[in-house]
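# Topology and contacts: notes
Residues per chain are reported as follows:
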Amino acid sequence: VTGSESSHYSDTMRKNDEMYTFLGERSDVVSFDIFDTLIFRSVGIPTDVFLLMQEELGIPDFRNIRAWAEGDARGKCYAKNGHYEVTLEEIWDAVYKDTGMDKRKGMALEIETELKVCYANPFMKAVWDKLIEMGKDIVIVSDMYLPSDVLAQMLEKNGYTGYKKLYVSCEYGKNKAGGD
């Protein structure tokens, strides 16, 4: 690395060291979100996962069908439970109702597709590894409809191991944005 590249690399390393020091000295427990923090998707926007599924299924407009089904499931959940935190199964109940698609096969394809497009954020992976090395307790919180066992598989596949607890909004009926 030479010239300005060397300077940029040095600045990045210094910022990483400052973050490790800050987190290490001031925190016993560190929490992370999953998507767009620990994990990136190799698609432009999250609903592009449904576009990939659409190609696999050969169903025109599946991307919109799946997105609409999620909105429908969230509306029904709010009417019934007073919150919008739905499960993947509830979303696929709505897909089945609207299309007759096999719910189990659809859920399996969605999980498989998510696992294929997800990869570790290299910067946060370095932070994670350092925090684990420092012996910090790590908690993960995600506003998501995928079940915790799928998210745990995704995290493990991408090298995120050693955390203490994984909280997923759909399993608690509460979300981060609402402070619940």
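Scope of this entry: the structure provided in the associated data block. Model, not experiment: these values are computed from the prediction. (Residues numbered from 1 in each chain as written. Predicted model: local features only at pLDDT ≥ 70, side-chain atom pairs only at ≥ 80, totals over all residues. Heavy atoms only, no water.)

Take Lys103: it is sitting in helix H5 (residues 103-117). Those residues in contact with Lys103, other than ones at most four positions away along the chain, are Glu89, Trp92 and Asp93. (Helix = DSSP H or I, 4+ residues; strand = E, 2+ residues; numbered from the N terminus. Contact = heavy atoms within 4.5 Å.)

A word on the pattern of salt bridges. Using the criterion set out here, one finds 14 salt bridges in the structure. For Asp72, the salt bridge identified is with Lys97, shortest N-O distance 3.8 Å. Pair noted here: Asp72 is in helix H3 (residues 62-81) and Lys97 is in helix H4 (residues 88-99), with a separation of 25 residues, a long-range link. Residue Asp72 is classed as buried on the basis of its relative accessible area of 17%. Here Asp129 makes a salt bridge to Lys125, at a shortest N to O gap of 2.5 Å. On the criterion of helical spacing, the pair formed by Asp129 and Lys125 is a turn pair, its members being 4 residues apart in helix H6 (residues 122-133). Overall, the relative accessible area of 36% leaves Asp129 in the partly exposed class. Each of the salt bridges in this network shares a partner with another, and the network as a whole consists of Arg66, Glu70, Arg74 and Glu110. (Salt bridge = Lys/Arg side-chain N within 4 Å of Asp/Glu carboxyl O. Buried < 20%, exposed > 50% of the residue type's maximum accessible area, 1.4 Å probe, protein only.)

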